[in-house]
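This is what each chain is made of:
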Amino acid sequence: MTHSEHPLGSVIRKYRKERGLTQFQLSEKAEISHRQVMSIENGRCYPKFETLCRLVQVLNIPPDQIFHPE
């Protein structure tokens, strides 16, 4: 699995784009750094639980999409 194929990053990117947000806009709404959004989407890091919760809330992602993306 390459970085770009990471399921969590793909889910975050999908919902961000569906909501019409840039990575920078998402980072502001979730109160995290732009680099962190980029790293999560690219599969280079996993977010802390608190960060994941903020992303899920901001993007209104159904929990099953995070835990069972397929």
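Residues numbered from 1 in each chain as written. Predicted model: local features only at pLDDT ≥ 70, side-chain atom pairs only at ≥ 80, totals over all residues. Heavy atoms only, no water.

Caption draft 1: Focus on the overall build of the protein. Across its full length, the protein carries 5 helices and 0 strands. Sequence-ordered secondary structure for the protein, helices as α and strands as β, is α-α-α-α-α. On C-alpha atoms alone, the protein measures out to a radius of gyration of 11 Å, which is about the 11 Å that the 2.2 N^0.38 rule sets for 70 residues. Taken over the C-alpha atoms alone, the protein extends approximately 30 × 25 × 25 Å along its principal axes. Expressed as a percentage of the 70 residues in the protein, the buried residues total 40%. (Helix = DSSP H or I, 4+ residues; strand = E, 2+ residues; numbered from the N terminus. Rg over C-alpha atoms; globule rule 2.2 N^0.38 Å. Buried < 20%, exposed > 50% of the residue type's maximum accessible area, 1.4 Å probe, protein only.)

Caption draft 2: Inspection of unusual backbone geometry at higher detail. The backbone of Glu 31 sits at a positive phi, close to 60°, despite the residue not being glycine. For Glu 31, the location among the structural elements is in the loop between helix H2 (23–30) and helix H3 (34–41). Since its relative accessible area comes to 65%, Glu 31 is described here as exposed. One non-glycine residue, Asn 60, lies in positive phi territory at about 55°. Along the chain, Asn 60 falls in the loop between helix H4 (49–59) and helix H5 (63–67). For Asn 60, a relative accessible area of 59% translates into the label exposed.

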